[in-house]
Amino acid sequence: MSTLLHDFTEPQQSPLLLLGQNRDLDSERGVECTGELPAPSDPNLVERARAAKEALGDRVFVLGHHYQRDEVVQFADVLGDSFKLAREAAARPDAEYVIFCGVHFMAESADILTSDSQQVVLPDLAAGCSMADMAAIDQVEDAWESLEDAGVADSVVPVTYMNSSAAIKAFTGRHGGTVCTSSNAEVALRWAFDQVGGVDGTGKVLFLPDQHLGRNTAVEKLGLGLDDCVIFDPRKPQGGLTDAELADARVILWRGHCSVHGRFSAKNVADIRAAVPGVQVIAHPECRNEVIRAADHVGSTEHIIQTLDAAEPGSAWAIGTELNLVRRLAAAHPDKQVHYLDSTVCFCSTMNRIDLPHLVWALESLVAGRVVNRIVVDEDDAHWARVALDQMLALPGI
């Protein structure tokens, strides 16, 4: 069955598993996908959402992540990636309420960057992130103790991906590290290495929580070898690594991954090239290294969007990222062939928890004077997370 998205038909597979069920914790494949996208909500909810948003006026500012479904992003004042949205919220101090149609760590970042007078709302508190959840703060603190016991902590600088909890960002700030996005990971890693002797030295980076972004940046951008990278598994004593392995490593990768991007494989790339002559493959850097090496283009969500916008009419593209975004790009570019890289459906299940009923509930509650599902970051964590975020903003070229 074709995966051409102009007349998009969901790829078929029997039966797909619910997120998190029957997963192999030792696999880098990621958790299984959930299958069909949820059906559109009751059209009456569209009018209710519009009426509530109009009643609130400038008091509310709605943020929509690229991975959200269309019925939600139609009410977003700004559409973007997680850090862009958090900064957009901070740039609108007159908005009393910020509704973040994304996942929990994104709403935390918005709360950290906005003023004390603003209140951040996440329409469904169950909208988490499987990758962010793979690095719990107690695990990371235990891991740092392991690095101290191995005698290497003094030569390690932590770098955490934006897709992490506020507590992990705060940990990074307390230990002199920085935050990064998929767009500036190379700059962030170079800065971190510069704090401990440079890329050509012997210092190390602890990269959290996505091993693939860390590995791809270190190997493909900084020129380190795959054998310079080791994986720290928090479920094993000392991460499953010996003192010697920690001493020799240049990049200590946390054992975490994106459940969507981790699914793509080199076989997917080979299959689409065989099926669509001349197709150009573009992949998100959260994909596995084998996919990155097989792709024609690699970049963040914003980079993928910009690349499709600039592509020649008639060109064919296979996109390795979240399904809602791929569908939206296909609809926006009817003059191009847009394919989904995987042969099976895979959208971000937790992101899709933000549906129209939850958004309407959040908006109508605000109209009634009730703030529901407010996200508030602990004051100390917020301070140190802001230190790490400010360090990122101070990086060259940011």
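Residues numbered from 1 in each chain as written. Predicted model: local features only at pLDDT ≥ 70, side-chain atom pairs only at ≥ 80, totals over all residues. Heavy atoms only, no water.

### Quick notes on the environment of Ala153
For clarity, the cut-off: Only DSSP runs of H or I with at least four residues qualify as helices, and only runs of E with at least two residues qualify as strands; both kinds are numbered from the N terminus onward. Should any heavy atoms of two residues lie within 4.5 Å, those residues are considered in contact.
As for its placement among the helices and strands, Ala153 is situated in the loop between helix H5 (137-149) and strand E5 (156-161). Counting along the chain gives 93 residues from Ala153 to Leu246, while the straight-line C-alpha distance between them is 9.8 Å. With residues near it in sequence (within four places) discarded, Ala153 still touches Trp144, Leu147 and Glu148.

### Thoughts on the pairing of strand E9 (residues 251-254)
What counts, and what does not: Whether a residue is buried, partly exposed or exposed follows from its accessible area with a 1.4 Å probe, protein chains only, as a fraction of its type maximum: under 20%, in between, or over 50%, in that order. At least two bridges found by DSSP between two strands are what make those strands a pair. The definition of a right-handed crossover adopted here requires that, viewed with the strands pointing away, the path from the first strand over the helix to the second runs clockwise.
Burial along E9 is two-sided: the residues Val251 and Leu253 and Ile252 and Trp254 are all buried. Both strand E7 (residues 204-208) and E9 contribute to a ladder of 3 bridges, which runs parallel. If you follow Val205 over to E9, its bridge partner there is Val251. As judged from the 4 bridges shared by strand E8 (residues 229-232) and E9, these two strands associate in the parallel manner. If you follow Val230 over to E9, its bridge partner there is Ile252. Handedness of the E8-helix H9 (residues 243-248)-E9 crossover: right-handed.

### Side note on helix H13 (residues 323-332)
The element H13 is extensively covered by neighbouring structure, given that 7 of its 10 residues are classed as buried. The set of residues buried in H13 consists of Leu323, Asn324, Leu325, Val326, Arg328, Leu329 and Ala330. At its buried positions, H13 is contacted by helix H2 (70-73), helix H12 (301-310), strand E12 (316-320) and strand E13 (337-340).

### Examining the sheet that holds strand E6 (residues 178-180)
The line we're drawing: Only C-alpha atoms enter the line fits that serve as axes; for helices the fit covers just the stretch in contact. Angles between N-to-C directions range over 0 to 180 degrees.
What the 5 strands build is an open sheet, ordered E6-E5-E7-E9-E8; its pairing is parallel. Edge strands, defined here as strands with exactly one partner in the open sheet, are E6 and E8. Here the strands of the sheet are splayed against their neighbours by 25° on average, with no regard to which way each runs. One ladder, built from 3 bridges, connects E5 with E6; its direction is parallel. Paired with Val159 across the bridge in E6 is Thr178. Running over the sheet, helix H8 (residues 211-221) touches E5, E6, E7, E8 and E9 and is turned about 155° from E9.

### Re the sheet that holds strand E11 (residues 297-298)
Strand order across the open sheet formed by 4 strands is E11-E10-E12-E13, with parallel pairing between neighbours. Of all strands in the sheet, those with a lone pairing partner are E11 and E13, marking the two edges. Taken together, the 4 bridges between E12 and E13 define a ladder with parallel strand orientation. Within E13, the position partnered with Ala316 by the bridge is Gln337. Contacts from H12 reach strand E10 (280-283), E11, E12 and E13 within the one sheet, and its direction differs from that of E10 by about 155°. Where H13 meets the sheet, it contacts E12 and E13, and its direction lies at approximately 170° from that of E13.

### With respect to the pattern of salt bridges
The condition that has to hold: Should a side-chain nitrogen of Lys or Arg be within 4 Å of a carboxyl oxygen of Asp or Glu, the pair is scored as a salt bridge.
On inspection of all chains with the given rule, the structure shows 17 salt bridges. In this structure, Arg50 engages Glu47 in a salt bridge whose closest nitrogen and oxygen atoms are separated by 2.8 Å. Pair noted here: Arg50 and Glu47 are both in helix H1 (residues 43-56), with a separation of 3 residues, about one helical turn. For Arg50, a relative accessible area of 32% translates into the label partly exposed. Put simply, Arg386 and Asp390 hold a salt bridge, and the shortest N to O gap is 3.1 Å.

### Observations concerning the packing of aromatic side chains
What counts is decided by this rule: Note on aromatic pairs: the rings of Phe, Tyr and Trp (six-membered ring only in Trp) are paired at centre separations within 6.5 Å, and the planes decide the class, stacked below 30 degrees, edge-to-face beyond 60, tilted for the rest.
Under the definition given, this model contains 3 aromatic pairs. Aromatic pair Trp144 and Phe171: ring centres 5.8 Å apart, planes at 80°, arrangement edge-to-face. Here the residue Trp144 occupies a position in helix H5, and Phe171 occupies one in helix H6 (residues 166-174), the gap between them amounting to 27 residues. A ring pair is formed by Phe232 and Trp254, whose centres lie 5.7 Å apart and whose planes are at 15°; its orientation type is stacked. With Phe232 in strand E8 and Trp254 in strand E9, the pair connects residues that are 22 residues apart, well separated along the chain.

### Some thoughts on H12
Within H12, burial applies to Thr301, Glu302, Ile304, Ile305, Thr307 and Leu308. For H12, the secondary structure elements touched by its buried residues are strand E2 (78-80), helix H3 (82-90), E10, E12, H13 and E13.

### What about a negative patch on the surface?
So the rule is basically this: Distance thresholds for patches are 9 Å for like charges and 5 Å for nonpolar side chains (Val, Leu, Ile, Met, Phe, Trp, Tyr), applied to residues having over 30% relative accessible area and no salt bridge. For the area figures, the Shrake-Rupley method with a 1.4 Å probe applies, and any residue is considered shielded solely by the protein chains shown. Counting rule for charge: Lys and Arg are taken as positive, Asp and Glu as negative, and neither His nor the chain ends is counted. For this purpose, a charge sits on NZ of Lys, CZ of Arg, CG of Asp or CD of Glu.
A cluster of acidic residues, Asp138, Glu141, Asp142, Glu145, Glu148, Asp149, Asp154 and Asp243, forms a negative patch at the surface. Looking at the negative patch element by element, the count peaks at 6 residues for H5. Tracing the backbone shows Asp154 in the loop between H5 and E5.

### Some points on the packing of H1 against helix H14 (residues 356-367)
Applied cut-off: Here a crossing is taken to be left-handed if its near helix is turned anticlockwise relative to the far helix by less than a right angle, and right-handed if that turn runs clockwise. Think of it as three bins: nonpolar holds Ala, Val, Leu, Ile, Met, Phe, Trp, Tyr, Cys and Pro, charged holds Asp, Glu, Lys and Arg, and polar takes everything else, Gly as well.
Direction vectors running N to C along H1 and H14 enclose 35°, while the axes themselves pass 9 Å from each other. The way H1 lies across H14 gives a crossing that is left-handed. Mapping the contact onto sequence places Leu45, Val46, Arg48, Ala49, Ala52, Ala55 and Leu56 in H1 and Leu356, Pro357, Val360, Leu363, Glu364, Leu366 and Val367 in H14. Of the residues assigned to the contact of H1 with H14, the class counts are 12 nonpolar, no polar and 2 charged.

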